[in-house]
Amino acid sequence: MPLDCEVKIEKNAPVRLLNAVMERMDYSKLYAAYSRLGRIEYSPKILLKIMVYGYMRRQISSRALEACCRENVHFMYLLEGQPAPDHNTINRFRKNILTQEAGQDILRQLVFLLHESGLLSLEAAFIDGTKIEANANKYSFVWKKATAKKTDKLLKSIHEELPARLKEVGMRFYVPEKIAVRQLKKLRKKIHARIEADGIVLVSGKVKRKTPLQRLSEWIDQRLARLKQYTNDIHICGNRNSYSKTDHDATFMHMKEDHMRNGQLKPGYNVNVATCSEFIIGSYISSDRNDVHTLIPFMEQLRKNYAGKNIGSIVVDSGYESEENYCWFEAHPETELYVKPSNHEAARHRKYRTDISRRENMAYDAQADTYTCANGKLLQRTREKKTHSASGLEITTSVYECSECDGCPLKEKCIRACGSRKPLEERHKVIYVSKRFARQRQAMEAKISSPKGRLLRVNRSIQAEGNFAYVKQDLDFRRFLLRGNTKVAAEWLLFSLALNILHLHHKIQNRRLGSGLKIPSSFPAGL
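A.B. asks: Describe the overall build of the protein, listing the residues and the values that go with them.
C.D. replies: A tally of helices and strands in the protein yields 18 helices and 13 strands. In summary, the protein has a C-alpha radius of gyration of 31 Å against a globular reference of 24 Å for 527 residues, an excess of more than 25%. Taken along its principal axes, the extent of the C-alpha atoms in the protein is 90 × 80 × 45 Å. Across the 527 residues of the protein, 46% fall into the buried class. A separation of at least 24 residues holds for 68% of the contacts in the protein among residues at least 6 apart in sequence. About 28,300 Å² of surface is accessible on the protein, with carbon and sulfur atoms providing 49% of the total.

As structure tokens, this is what we get:
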């Protein structure tokens, strides 16, 4: 049977390339991921080949893969004469084995193989992110702010009602304004001891009269259960503003696929991918809706996976710009950062350049440390404000204020409301400046405008966004099958392996072997 299958397969079929590449991998970590008790039910090498080829051919469910192994000659070729695996075997392998370090090791080996063959260059890596819907119910949301309000309301009702109920049964207990779970448990234990001491028989059902102590015990049990639930919900949210009841790692966020056209939030994951020479070298699955907080942990992961192999440049879009990210790359000068400032596009328009309320359009005197507004008045530094980022980075912000705004004819154009309830006549001009961030942004603006910066930015839009377009449009993948961050990462790992094999096959067929950047004949206007 294996010989017949091989004869029927074309010489340039992707399955032959997949089999040849995967045969060169070391699967020792994959075998070590299994338990030492018992035997391995199916060869993990063959299972990995089957799953990667299935993801290349839009067959990603375990039952679809089982059917393909029984009916498709290409899958039979990868089976090497062994019987088709059961869908439970395929699913256990994807959920339990690939979620460990063994799965990432296979991708790392593939990247090293391409690098040693001269097909992949670590000179520049392009990072981009997209949001993909989670396998969770659309209406299973839990909002952190709403839960906090419910908690405050519950604590307030307990503080108001509990003293009267305790007085009714003749018990004394200190009730603070915000009672803790352990205090309610202590009170419940005290009530149960009183019930046993008095010999009270607990009753339930119709035509049964409950004693005041039993009613108090049940009342406390209900409040205690709700308080525990609210506390657990806030703990699961962590730094997020929401989570899904059916997938606790998923966060509700805006998706590009908005079929109802009402901006509906859906549970999903923020998938960040690093691409070199059109090949995926790593990915980072985040529950954070914002890209700016994902760059540093992603870079730490890449440094760990490719220790000894330095990535020359990192190219990202404006969504990753922040003072914290700038400082991280300044602390790691071996890797250069190329990021488009968030005001880069707006600064090209006349409306931005003629806006007198913006700090960028004011004259700055470095010696006196003052700004001069459009009316010639000085804004002097009055104080410094220090804050800390999520990772603990100290950010110093200088506050500049103008004391001569009364009667200024440009006041209406210069001072914005910004949610202030004060009338315009009582307000004065205040600007907040992080000098370090302003210096970093100015240096980056010159960096991305250089010939190298323009070339890297053109390639970022081609390479980084091209993989997402292929996955969502050509492979029609818009929702994960598995639940949980680690299992979602394993599922995306299979897509990464599949995309790399497909890119390699396309390059071989089109004779585009090489690792250099794509040099366009002309750059877009304004780039």
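A.B. asks: Provide a residue-level description of the nonpolar core, including the pertinent values.
C.D. replies: Nonpolar side chains tend toward joint burial in soluble globular proteins. In terms of nonpolar packing, the biggest core is built from 98 residues, with Leu48, Phe93, Ile127, Ile281, Ile314 and Trp492 touching the most fellow members. If you tally residues by element for this core, the top one is helix 18 (residues 485-510), at 12 residues. The residues touching Ile127, leaving out its near neighbours within four places in the chain, are Val273, Ala274, Leu295, Phe298, Met299, Ile314, Val315, Val316, Asp317, Tyr320, Arg460 and Ala464. Grouped together as the second largest cluster of nonpolar side chains are 20 residues, Leu155, Met171, Val175 and Leu224 included.

A.B. asks: Help me get a handle on the pairing of strand 12 (residues 394-401), residues and values and all.
C.D. replies: Across eight bridges, the pairing between strand 11 (residues 378-388) and strand 12 is antiparallel. Paired with His388 across the strands is Glu394, a residue of strand 12. What sits between the antiparallel neighbours strand 11 and strand 12 is a turn of five residues, in which Gly392 has the positive phi angle 100 degrees. In this structure, strand 12 lies alongside strand 13 (residues 430-433), joined through four bridges in antiparallel fashion.

A.B. asks: For the layout of surface pockets, give the residues involved together with the corresponding values.
C.D. replies: Where empty space is left in the structure can be found by rolling a water-sized probe over the atoms. By volume, the largest pocket is sized at about 550 Å³. Along the wall of the largest pocket there are 23 residues; nearest its centre are Asn239, Ser286, Asp288, His293 and Ala390. Sorting the residues of the lining of the largest pocket by element identifies helix 11 (212-237), strand 6 (279-286), helix 12 (295-305) and helix 13 (323-331) as the ones contributing at least two each. Per-class residue counts for the lining of the largest pocket are seven nonpolar, 11 polar and five charged.

A.B. asks: How would you sum up empty space enclosed by the protein? Please name residues and give values.
C.D. replies: Taken as a whole and judged by the stated rule, the model has one cavity of 30 Å³ or more. By volume, the largest cavity amounts to about 100 Å³. Taken together, 14 residues line the largest cavity, and the ones lying closest to its centre are Cys373, Cys405, Cys408, Lys411 and Cys414. For the lining of the largest cavity, the class distribution of residues is nine nonpolar, one polar and four charged.

A.B. asks: Go over the sheet that holds strand 13, please, and point to the residues and values.
C.D. replies: One open sheet holds the five strands; their spatial order is 9-10-11-12-13, and the pairing between them is antiparallel. Every interior strand has two partners, whereas the edge strands, strand 9 (363-365) and strand 13, have only one. On average, adjacent strands in this sheet sit at an angle of 30 degrees to one another, irrespective of strand direction.

A.B. asks: An account of the state of the cysteines is needed here, citing residue identities and associated values.
C.D. replies: Under the counting rule described, the total for this entry stands at zero disulfides. Not engaged in a disulfide, the cysteine Cys68 finds its nearest cysteine sulfur in Cys69; these two sulfurs lie 7.0 Å apart. By relative accessible area, which is 13% here, Cys68 ends up buried.

A.B. asks: Any details on the packing of helix 17 (residues 451-474) against helix 18? Residues and values, ideally.
C.D. replies: Here helix 17 crosses helix 18 at 105 degrees, and the two axes come no closer than 11 Å. Put simply, helix 17 runs roughly perpendicular to helix 18. Across the interface between the two elements, Asn467, Phe468, Tyr470 and Val471 of helix 17 pack against Trp492, Phe495, Leu499, Leu502, His503 and His506 of helix 18. Residue composition of the contact of helix 17 with helix 18, grouped by class: seven nonpolar, three polar and no charged.

A.B. asks: Could you give an account of unusual backbone geometry, with specific residues and numbers?
C.D. replies: With phi around 60 degrees, Glu80 is a residue other than glycine that occupies positive phi space. Positionally, Glu80 belongs in the loop between helix 6 (73-79) and helix 7 (87-97). The backbone of Ser277 shows a phi angle near 55 degrees, a positive value even though the residue is not glycine. Secondary-structure assignment places Ser277 in the loop between strand 5 (265-276) and strand 6.

A.B. asks: Report on the side chain of Ser322, specifying residues and quantitative values.
C.D. replies: Take Ser322: it is sitting in the loop between strand 7 (313-316) and helix 13. Residues contacting Ser322, with those up to four places away along its chain left out, are Val292 and Phe437.

A.B. asks: Break down the packing of helix 12 against helix 13 for me, citing the residues and quoting the values.
C.D. replies: Geometry of a packed helix pair, given as the angle between the helix axes and the separation of the axes. For the pair helix 12 and helix 13, the least separation of the axes is 10 Å and the interaxial angle reads 25 degrees. Judged on the interaxial angle alone, helix 13 and helix 12 are roughly parallel. Taking contact as the criterion, the partners of Leu295, Ile296, Met299, Glu300 and Arg303 in helix 12 are, on helix 13, Glu324, Asn325, Trp328 and Phe329. Residues belonging to the contact of helix 12 with helix 13 are distributed by class as follows: five nonpolar, one polar and three charged.

What counts and how
Residues numbered from 1 in each chain as written. Predicted model: local features only at pLDDT ≥ 70, side-chain atom pairs only at ≥ 80, totals over all residues. Heavy atoms only, no water. Helix = DSSP H or I, 4+ residues; strand = E, 2+ residues; numbered from the N terminus. Rg over C-alpha atoms; globule rule 2.2 N^0.38 Å. Buried < 20%, exposed > 50% of the residue type's maximum accessible area, 1.4 Å probe, protein only. Contact = heavy atoms within 4.5 Å. Areas by Shrake-Rupley, 256 points an atom, 1.4 Å probe, with all protein chains shown as cover. Core = buried A, V, L, I, M, F, W, Y, C linked by side-chain atoms within 4.5 Å. Pairing = 2+ DSSP bridges. 1 Å grid on protein atoms, 1.4 Å probe; cavity = no way out; pocket = protein on both sides within 12 Å on 5 of 7 lines; lining within 4 Å. Points joined across faces, edges and corners; volume = space filled by probe spheres on them. Nonpolar A, V, L, I, M, F, W, Y, C, P; charged D, E, K, R; others polar. Axes fitted to C-alpha atoms, helices over the stretch in contact; angles between N-to-C directions. Disulfide = S-S within 2.5 Å. Parallel < 35°, antiparallel > 145°, perpendicular 65-115°, else oblique.

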